[in-house]
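Fold and geometry: a report
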Amino acid sequence: MKSYYKKTLVLNSLKKNHQDVRDIVEYLHQNKLQEIIQKNFWNIDDENFMYKNDDGLEHTLGWSEEILAFYENALKENCQVIFTVDF
């Protein structure tokens, strides 16, 4: 498969429509993202994550603090979301 098509498929899988955004907001209200990150951070495959250390955890926790507000605003504004993370 050509690189362009692979990127398009990945991008489409990252696109969140209004119902997806609503589901994410509901999930984030019911679950504590910080606790989920702390619980699962050390399970990330070492080969695919070069920041698997205490600083990487703190960095990830810091960035995660605004995720709920981001998705709540997208829901309020009836926006779709393409959300990617690059370390």
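What you see is a predicted model, and the numbers here were worked out from it, not measured in a lab.

So, how was this worked out
Residues numbered from 1 in each chain as written. Predicted model: local features only at pLDDT ≥ 70, side-chain atom pairs only at ≥ 80, totals over all residues. Heavy atoms only, no water. Core = buried A, V, L, I, M, F, W, Y, C linked by side-chain atoms within 4.5 Å. Buried < 20%, exposed > 50% of the residue type's maximum accessible area, 1.4 Å probe, protein only. Helix = DSSP H or I, 4+ residues; strand = E, 2+ residues; numbered from the N terminus. Contact = heavy atoms within 4.5 Å. Polar contact = N/O pair within 3.5 Å; in protein donor to acceptor, adjacent residues only side chain to side chain. Arc of directions from axis to C-beta. pLDDT = per-residue confidence, 0-100.

Right, let's get into the nonpolar core. Core analysis: the biggest nonpolar cluster contains seven residues, these being Val 21, Val 25, Leu 28, Ile 67, Tyr 71, Ala 74 and Val 81. Mapped onto this core, the elements with two or more residues apiece are α2 (18-30) and α5 (67-76). Excluding its chain neighbours within four sequence positions, the residues that come into contact with Val 25 are Leu 68, Tyr 71, Glu 72 and Leu 75. Of all hydrophobic cores here, the second largest spans five residues; its members include Phe 41, Phe 49, Leu 57 and Leu 61.

Another point: unusual backbone geometry. The phi dihedral of Asn 78 is positive, around 55°, even though this residue is not glycine. With respect to the element layout, Asn 78 can be found in the loop between α5 and β2 (81-82).

Right, let's talk about the side chain of Ser 64 for a bit. Assignment of secondary structure puts Ser 64 in helix α4 (residues 54-64). Here Ser 64 falls in the buried class, since its relative accessible area comes to 7%. At 2.6 Å, the side chain of Ser 64 forms a polar contact with the side chain of Gln 34. Residue contacts for Ser 64: discarding those within four places in its chain leaves Leu 33, Gln 34 and Ile 37.

Once that is clear, we can look at the environment of Asp 23. Within the secondary structure, Asp 23 sits in helix α2. When the C-alpha atoms of Asp 23 and Tyr 71 are compared, they prove to be 9.9 Å apart, with 48 residues separating the residues in sequence.

Considered for burial, the residues of α5 that qualify are Ile 67, Tyr 71 and Ala 74. On an axial view of α5, the arc spanned by its buried residues comes to 55°, and they lie on one face. Buried residues along α5 sit in contact with α2, α3 (33-40), α4 and β2. Remark: Asn 78 follows α5 within two positions and exhibits a positive phi of approximately 55°.

Glancing now at the confidence of the model for the chain. Summing up the model confidence of the chain, the mean pLDDT is 80 and the portion of residues at 70 or higher is 78%. Of the regions scoring below 50 in pLDDT, residues 1-11 engages in three contacts with residues more than four places distant in sequence or in other chains.

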